[in-house]
Amino acid sequence: MHAVKIPYYRVEDYLELELRSERRHEYLNGEIVAMTGGSLAHNLITLNLAGTLREHLRGTPCRVYVNDVKVRIEAAHCFFYPDVLVSCVEPGKLQDCYFVDDAKLVIEVLSPSTNQRDREFKRIAYRQLPGLQEYLLVAQESRLVICYRRLPDGWEQEPYGVREVIELKSVGLSLPLTRIYEDIPE
C-alpha cells in the first residue's frame, strides 16, 4: 500500500492561486482546502450579523467583512475565510489587499461540513491573532451561540441561548439572539 502524498504549497503560491481561482480555498500550513457553499439559513444568519455590525460601527475606523476576505494567522501558517470579521485600523492605513491580519472579532456560522474544524482547529488557530478579542460560533440548526472571549489570563467560553443578549465587548454591542436568527424559521 502506498501513502498518498499531499502537495505542500508556499504562502505565495496559495495567494497567487486564490487570485486566479473561481472557488475559494483555505490554507492550512501548506495544504490547500476547497471551500463549499452554504445553506440559505447560513447566508441569512451571516447577513443579519454583518448588517447589524456594519450599522453599529458606521463612522468608526472598524470595518465589517464577509465571506470573501481572508484572515491571515501568521503564527499558525493559516489563511481562513470567516463568515464575518471586524477589523479596526487607523484611518488612512487601510491597505488594498486580499486579507487582514488584525481582526478583533471573528464569527463562524457552523455548517455540518465545517462544524468540527471551526470548533477545534480554527478556534485554536484564531487565538494566535494578537488583536483578536472575541470568536463566535453560531449554530444554524439551533438557537445557540458560543462566545470565546480573551481575558488577561486566557480565554473564557460563554454560551448564549434562545432569548439572550450577547455582549460583544470587542465592538461595544449588545446583540440579541433574535436579531441573529431573524427570518430563520424555528
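Structure: above.
What comes next is a walk through the structure. (Residues numbered from 1 in each chain as written. Predicted model: local features only at pLDDT ≥ 70, side-chain atom pairs only at ≥ 80, totals over all residues. Heavy atoms only, no water.)

### Quick look at the pattern of salt bridges
Okay, step 1: Overall, the coordinates contain 12 salt bridges when judged by the stated rule.
Okay, step 2: Residue R149 pairs with E156 through a salt bridge whose shortest N-O separation is 3.0 Å.
Okay, step 3: Linking E158 and R149 is a salt bridge whose minimum nitrogen-to-oxygen distance equals 3.1 Å.
Okay, step 4: Given a relative accessible area of 4%, R149 falls into the buried group.
Okay, step 5: Connected via shared salt-bridge partners are E134, R149, E156 and E158. (Salt bridge = Lys/Arg side-chain N within 4 Å of Asp/Glu carboxyl O. Buried < 20%, exposed > 50% of the residue type's maximum accessible area, 1.4 Å probe, protein only.)

### Some thoughts on the pairing of strand β10 (residues 145–151)
Walk down a regular strand and you will see the side chains alternate between the two sheet faces.
Okay, step 1: The buried count for β10 comes to 5 of 7 residues, which makes it a mostly enclosed element.
Okay, step 2: One ladder, built from 5 bridges, connects strand β9 (residues 134–138) with β10; its direction is antiparallel. Of the residues in β10, the one forming a bridge with L137 is I146.
Okay, step 3: Here β9 hands over to β10 after 6 residues, the two strands then running antiparallel side by side.
Okay, step 4: Summarising the sheet, β10 and strand β11 (residues 154–160) pair through 7 bridges and their orientation is antiparallel. (Helix = DSSP H or I, 4+ residues; strand = E, 2+ residues; numbered from the N terminus. Pairing = 2+ DSSP bridges.)

### Let's talk about the sheet that holds β10
Sheet strands pair by backbone hydrogen bonding; their relative direction is either parallel or antiparallel.
Okay, step 1: Read from one edge to the other, the open sheet built from 6 strands follows the order β3-β6-β8-β9-β10-β11, with strand pairing classed as mixed. At either end of the open sheet lies a strand with only one pairing partner, and these are β3 (62–66) and β11. For this sheet the average axis-to-axis angle between neighbouring strands, irrespective of direction, equals 15 degrees.
Okay, step 2: Pairing analysis gives 5 bridges linking strand β8 (residues 103–109) to β9, with the strands arranged parallel. (Axes fitted to C-alpha atoms, helices over the stretch in contact; angles between N-to-C directions.)

### Looking at the packing of aromatic side chains
Aromatic ring pairs: the centre-centre distance and the angle between the two ring planes describe each pair.
Okay, step 1: The tally for this structure, following the rule as stated, stands at 8 aromatic pairs.
Okay, step 2: On the basis of an interplanar angle of 65 degrees and a centroid distance of 5.4 Å, the ring pair of F80 and Y126 is categorised as edge-to-face. Linking F80 in strand β5 (residues 78–80) with Y126 in helix α3 (residues 115–126), this pair joins segments that are 46 residues apart in sequence.
Okay, step 3: We classify Y126 as buried; its relative accessible area is 0%.
Okay, step 4: Against the face of Y81 rests R24, its NZ or CZ located 5.0 Å from the ring centre. (Phe/Tyr/Trp six-rings, centres within 6.5 Å; stacked < 30°, edge-to-face > 60°. Lys NZ or Arg CZ within 6 Å of the ring centre and 35° of its normal.)

### Digging into the environment of A139
Okay, step 1: Within the secondary structure, A139 is located in the loop between β9 and β10.
Okay, step 2: C-alpha separation for the pair A139 and N115, spaced 24 residues apart in sequence, amounts to 8.9 Å.
Okay, step 3: Those residues in contact with A139 that lie beyond four places of it in its chain are I45, L110, L144 and Y181. (Contact = heavy atoms within 4.5 Å.)

### Observations concerning the sheet that holds strand β2 (residues 31–34)
Okay, step 1: If you walk across this open sheet you meet the 5 strands as β2-β1-β5-β4-β7, and the pairing is mixed. Unpaired on one side and paired on the other, β2 and β7 (99–100) mark the two borders of the sheet.
Okay, step 2: Docked against the sheet, helix α1 (residues 11–20) engages β1 (25–28), β2, β4 (70–73), β5 and β7, running at close to 175 degrees with respect to β1.

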